[in-house]
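Fold and contact review
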Amino acid sequence: MNENLLNIKDEDFMNTVDLHFHTTHSDGKNTPDEMLNAYKGKGFKKLSITDHNRMSAYKDLNVPEGIELIKGIEFDCWDGYVFMHILGYNIDTENEKLKKLCAKNKLAATNDIIRFINHRSAKKVIKAIKEAGGTAILAHPACCWSLNIKKTIQKLISYGLDGIETNYYYRRHRAYTKFYSAEEIKKIGDELGILQTGGSDSHSVEAIIKKN
């Protein structure tokens, strides 16, 4: 597992660490440089751009001094009847297998319907992330359409999943489409002894929230 994801304290997430936000390369409103500079202005130190199904934000990127940038992506995918988002961190953005799973154009990274009807399987996504040297994390698990989220997570672990997102603000539509509470998800993470990460899912500089 990638060392730069270990030993991050819960209080660091949305205070100095945000490992989940979007840019104009998917459905965000601001460019990668604008987002990174805005985060730096708020005192963040460790960040990951996780655009939907795309890694193009990392090309020609100017990383501000003092920012540790972890290369990331967020894939829309399915496991059986369960639609989910899988985050990949510390990925090799030139990995061919990973690139084959990416959106062919920006519309496939921004249009909700196209993203929803994709044919990516969680198993293939997790395998590709791991083969690209990355760490695989289930994003905002409370919103997964699963009748038994613990069993779903255990199944994903059998595919190679490394952890789940537990330090997360359920905002916008996700505040109303939760199937489980954040506390329930945190408890499951503790019980399974897996990595727990966090991020805001911000889509604009105005949406960046600092915990304290």
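Bear in mind that the values here come from a model prediction, so they are computed numbers and not experimental data.

**With respect to unusual backbone geometry**
With a phi angle near 60 degrees, N90 is a residue other than glycine that sits in the positive phi range. A positive phi angle, near 65 degrees, is found at D201, a position not held by glycine. Note on D201: relative accessible area 5%, which makes it buried.

**Some remarks on the sheet that holds strand 5 (residues 82-89)**
Strand order in the open sheet formed by five strands is 4-5-6-7-8, with mixed pairing between adjacent strands. The outermost strands of the open sheet, each flanked by one partner alone, are strand 4 (72-79) and strand 8 (195-199). Shown here is a sheet whose adjacent strand axes are inclined to one another by a mean of 40 degrees, direction ignored. Sheet analysis places strand 5 next to strand 6 (residues 135-138), joined by four bridges and oriented antiparallel. Considered in strand 6, the bridge of I86 is made with L138. Its contacts with the sheet place helix 7 (residues 182-192) against strand 7 (163-168) and strand 8, and it is angled at close to 140 degrees to strand 7.

**A few points about the packing of aromatic side chains**
The tally for this structure, following the rule as stated, stands at seven aromatic pairs. A centroid spacing of 6.0 Å and a plane angle of 50 degrees characterise the contact between F83 and W145, whose relative ring orientation is tilted. With a gap of 62 residues between them, F83 in strand 5 and W145 in the loop between strand 6 and helix 6 (149-159) connect regions that are remote in the sequence. Here the aromatic residues W78, F83, F116 and W145 are joined through ring pairs into a cluster of three or more.

**Section: the nonpolar core**
Ranked by internal contacts, the top residues of the largest apolar core, which has 30 residues, are M84, I86, L138 and L161. Residue assignment for this core shows that the elements contributing at least two residues are strand 4, strand 5, helix 2 (96-101), helix 5 (122-131), strand 6, helix 6 and helix 7. Ranked by residues supplied to this core, first place goes to helix 5 with five residues. Apart from residues lying up to four places away in sequence, L138 is in contact with M84, H85, I86, C144, I153, L156, L161, G163, I164 and E165.

**A look at helix 7**
Turning to helix 7, its buried residues are I185, I188 and G189. On an axial view of helix 7, the arc spanned by its buried residues comes to 100 degrees, and they lie on one face. Set apart from the buried face of helix 7 by more than 90 degrees, the exposed residues are E183 and K187. Where the residues of helix 7 are buried, they touch helix 6, strand 7 and strand 8. Just beyond helix 7, the residue with positive phi is G193, at close to 65 degrees.

**Observations concerning the pattern of salt bridges**
Counting across every chain of the model gives 10 salt bridges. With a closest N to O distance of 3.3 Å, K155 and D79 form a salt bridge. One end of the pair, K155, is in helix 6; the other, D79, is in strand 4, with 76 residues separating them in the sequence. Overall, the relative accessible area of 12% leaves D79 in the buried class. Beyond isolated ion pairs, a larger network of salt bridges with shared partners links D27, D76 and R115.

**Re the state of the cysteines**
By definition, a disulfide is the covalent link that joins the sulfur atoms of two cysteine residues. In the structure shown here, the tally under the stated rule is zero disulfides. In this structure C102 is not part of a disulfide, and its nearest cysteine sulfur, from C77, lies 12 Å away. Among the residues examined, C102 registers a relative accessible area of 10% and is labelled buried. You can see C143 has no disulfide; the closest cysteine sulfur is in C144, sitting 7.7 Å from it.

Cut-off values and rules
- Residues numbered from 1 in each chain as written.
- Predicted model: local features only at pLDDT ≥ 70, side-chain atom pairs only at ≥ 80, totals over all residues.
- Heavy atoms only, no water.
- Buried < 20%, exposed > 50% of the residue type's maximum accessible area, 1.4 Å probe, protein only.
- Pairing = 2+ DSSP bridges.
- Helix = DSSP H or I, 4+ residues; strand = E, 2+ residues; numbered from the N terminus.
- Axes fitted to C-alpha atoms, helices over the stretch in contact; angles between N-to-C directions.
- Contact = heavy atoms within 4.5 Å.
- Phe/Tyr/Trp six-rings, centres within 6.5 Å; stacked < 30°, edge-to-face > 60°.
- Core = buried A, V, L, I, M, F, W, Y, C linked by side-chain atoms within 4.5 Å.
- Arc of directions from axis to C-beta.
- Salt bridge = Lys/Arg side-chain N within 4 Å of Asp/Glu carboxyl O.
- Disulfide = S-S within 2.5 Å.

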